[in-house]
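# Architecture at a glance
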Amino acid sequence: MPRSRDTASRSPRPAGGSVAPTPAKERLLAPDLARGMMLLLIALAHSRMLHAGGLSFTAPAGGGPIDVAVQWLLTSLVDGRSAPLFGLLFGYGLVQLTRRHSGPDGDPARARRLIRRRGVWLIVFGAAHVILLYSGDVIGAYGVFAVALAGAVSWSGRRLWSVAVVALVFGVVVHAVIQVAAGQSVPLPVGATVVDSALLRAAALPILPIAALSMVPSVLIGIWAGRMRVLEQPDRYRSLLRRTVLLGFPVAVLGAQPVALQAVGVWTPGTPGVGVFALALFAATGIAGGLAFAAAIALVATRIGERRGRVTTALVACGRRSMTFYLAQSPVWWVATEPSLLDLGGALGAAAAAGVAIATWVVTVVIADVMERRGRRGPAEALLRHLTYRERTRRPVPTRP
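As the structure is a prediction and not an experimental result, all values here were calculated from the model.

Definitions and limits used
- Residues numbered from 1 in each chain as written.
- Predicted model: local features only at pLDDT ≥ 70, side-chain atom pairs only at ≥ 80, totals over all residues.
- Heavy atoms only, no water.
- Axes fitted to C-alpha atoms, helices over the stretch in contact; angles between N-to-C directions.
- Helix = DSSP H or I, 4+ residues; strand = E, 2+ residues; numbered from the N terminus.
- Left-handed = near helix turned anticlockwise from the far one by under 90°.
- Nonpolar A, V, L, I, M, F, W, Y, C, P; charged D, E, K, R; others polar.
- Core = buried A, V, L, I, M, F, W, Y, C linked by side-chain atoms within 4.5 Å.
- Buried < 20%, exposed > 50% of the residue type's maximum accessible area, 1.4 Å probe, protein only.
- Contact = heavy atoms within 4.5 Å.
- Phe/Tyr/Trp six-rings, centres within 6.5 Å; stacked < 30°, edge-to-face > 60°.
- Patch = residues over 30% accessible without salt bridge, like charges linked within 9 Å, V, L, I, M, F, W, Y side chains within 5 Å.
- Areas by Shrake-Rupley, 256 points an atom, 1.4 Å probe, with all protein chains shown as cover.
- Salt bridge = Lys/Arg side-chain N within 4 Å of Asp/Glu carboxyl O.
- Expected span 1.5 Å × (residues − 1).
- Bend = angle between axes of the 7 residues up to and from the residue.
- Arc of directions from axis to C-beta.
- Parallel < 35°, antiparallel > 145°, perpendicular 65-115°, else oblique.

This part takes up the packing of helix α10 (residues 238-263) against helix α11 (residues 272-304). At a minimum axis distance of 6 Å, the contact between α10 and α11 shows a crossing angle of 145 degrees. Here α10 runs over α11; the crossing is left-handed. Looking at side-chain class alone, the contact of α10 with α11 contains 20 nonpolar, 7 polar and 2 charged residues.

Spelled out as structure tokens, the structure:
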């Protein structure tokens, strides 16, 4: 969401830039609803593996008119636009965690330690996810951010935006150069056996810091939004949210067109420089789409209020277990793309692949709703919480008489 005249100083914060603690209350609707919807966008983004047969955004998918239309929609509204929404919500969550654990004196040191400890375990989760199932993991990248920039929750608003802009420019250039260097053919990391595929995915682990760099801008803006309590006070920021929707979606769609036109096979860059510019524009405007999605969902949550029907309740249940059901999607892509299993990488049209993604997401929403009704947490969230918050007790050192 664009910067407004409202600054973090309006929110009660103690000296030193830390976040003021707030009393415990019921979970907000907007973040959980956004996480539930975010998982649909992520599933649609991952469906590229089934129709493009690779990881390049610019590879023409082919197919009939419906496939071409679906491919254009996915490239314009989903690819490179769903990940920033994930980052915004992650940053917002860091602020909420800080409020809960900074203590009555407002000292954020304990919260920073928890954020870093949580980040270490996110890296572990992400590495396991990559090796076992899926190379495009984002959990580990957020873990790298948490370990390296845990103190960002207490930065001034000016510093948050300044670092976000610098990181955006640098990350966009790096992303574009890597994509162009890789070319249109970026094959899936799969081998003849599941073990070969796991080894190929493990070889990609060193790019985690690069992936983390690309997520820094959206996470920092999410921290700013959390500090401003945008989702806690949507009525106060209604005009800002509306402007973000009206500006963000057009910017995201227009900025995606040079890549979208390549994805539907109607345009090819004449020179490598033009290709770099197209991908850089695509990456830079993706954050506008993430902001617009977040703002639109916040406005919808405001309208829903306490009138939550079955669909909203199920989406919120899925959002509360977002890491569990983010991971739960990966076995579908693993089974579908492994050459020794279904071997469907590149075998489906864009429309059919999107249908698989939507069906996968619907199943996770239904399961989440059942878990909510039975009072069960997501297993990934429960494990992460246990590992993050467990007390590290030391055995007393025996003394000699």
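Counting 94 residues, the largest nonpolar core has Leu-39, Phe-90, Phe-145, Leu-220 and Ile-223 as its most contacted members. Apart from the residues within four sequence positions on either side, Phe-145 is in contact with Phe-90, Leu-94, Ala-150, Val-216, Val-219, Leu-220 and Ile-223. Counting residues in each nonpolar core, the second largest holds 8 residues, with Phe-57, Val-172, Val-259 and Phe-282 among its members.

Tracing the chain through its elements places Ser-197 in helix α8 (residues 194-202). In this structure Ser-197 comes out as buried when scored by relative accessible area, which is 0%. Discounting chain neighbours no more than four positions away, the residues touching Ser-197 are Pro-189, Val-190, Gly-191 and Glu-338.

Within this structure, the stated rule accounts for 7 aromatic pairs. Taking 5.1 Å as the distance between ring centres and 50 degrees as the angle between the ring planes, the aromatic pair formed by Phe-57 and Phe-282 counts as tilted. Of this pair, Phe-57 sits in the loop between α2 (48-51) and α3 (65-77) while Phe-282 sits in helix α11; the two residues are 225 residues apart in sequence, bridging distant segments of the chain. Under the relative-accessibility criterion, Phe-57 is labelled buried at 16%. With a relative accessible area of 1%, Phe-282 lands in the buried category. Aromatic side chains Phe-249 and Phe-293 sit 5.1 Å apart centroid to centroid with 85 degrees between the ring planes, which places their arrangement in the edge-to-face category. In this pair, Phe-249 sits in helix α10 while Phe-293 sits in helix α11, placing the two residues 44 residues apart along the sequence.

Moving on to a nonpolar patch on the surface. A grouping of Val-194, Val-195, Leu-199, Val-335, Leu-341 and Leu-342 is seen on the molecular surface, where their side chains present a nonpolar patch of about 500 Å² in accessible area. With 3 residues, α8 is the largest single contributor of residues to the nonpolar patch. Taking the relative accessible area as the measure of exposure, Leu-341 reaches 38% and is therefore partly exposed.

Moving on, we get to the pattern of salt bridges. The full count for this structure, using the stated rule, is 10 salt bridges. Between Asp-32 and Arg-35 there is a salt bridge, and its shortest N-O distance comes to 3.4 Å. Separated by 3 residues within a single helix, Asp-32 and Arg-35 lie in helix α1 (residues 29-46), roughly one turn from each other. With relative accessibility at 1%, the residue Asp-32 sits in the buried group. A relative accessible area of 14% means that Arg-35 is categorised as buried. The residue Arg-48 makes a salt bridge to Asp-79 at a minimum N-O spacing of 2.4 Å. Taken together, the residues Arg-48 in helix α2 and Asp-79 in the loop between α3 and α4 (82-101) connect sequence positions 31 residues apart. By relative accessible area, which is 3% here, Asp-79 ends up buried.

Right, let's talk about α10 for a bit. Compared with an ideal rise of 1.5 Å per residue, which puts 26 residues at 38 Å, α10 spans 36 Å between its outermost C-alpha atoms and is within 8% of the ideal. Approximately 55 degrees is the largest bend angle found in α10, and it occurs at Gln-257, with the proline Pro-258 only one to four residues beyond. Gly-265 sits one or two positions beyond α10 and adopts a positive phi of about 80 degrees.

What follows deals with α8. All buried positions along α8 are accounted for by Ser-197, Ala-198 and Arg-201. Around the axis of α8, the buried residues are gathered within 100 degrees of arc, so they sit on the same side. Away from the buried face of α8 by more than 90 degrees, exposed residues Val-195 and Leu-199 are located. Those residues of α8 hidden inside the fold are in contact with α5 (109-132) and α13 (322-337).

With that settled, the discussion passes to the packing of α4 against α5. It is at 9 Å that the axes of α4 and α5 come closest, and there the two elements cross at 135 degrees. On the basis of the axis angle, α4 is oblique to α5. The element α4 and its partner α5 pack so that their crossing is right-handed. Between α4, through Phe-90, Leu-94, Leu-97, Thr-98 and His-101, and α5, the contact on the second element is made entirely by Arg-110, Ala-111, Leu-114, Ile-115, Arg-118 and Leu-122. Residues of the contact of α4 with α5, tallied by class, amount to 7 nonpolar, 2 polar and 2 charged.

On to the environment of Ile-297. Tracing the backbone shows Ile-297 in helix α11. Considered as a pair, Ile-297 and Met-37 are 260 residues apart in the sequence and their alpha carbons are 8.6 Å apart. Ignoring anything within four residues of it in the chain, the contact list for Ile-297 reads Ala-30, Leu-33, Ala-34 and Met-37.

As a further point, take unusual backbone geometry. For Arg-229, which is not glycine, the phi dihedral falls at a positive 60 degrees. Here Arg-229 is to be found in the loop between α9 (208-228) and α10. On the basis of relative accessible area, Arg-229 is assigned to the buried category, the value being 10%. Phi angles above zero are rare outside glycine, and Asp-343 is one such case at about 55 degrees. Take Asp-343: it is sitting in the loop between α13 and α14 (350-373). Overall, Asp-343 belongs to the partly exposed group, its relative accessible area being 44%.

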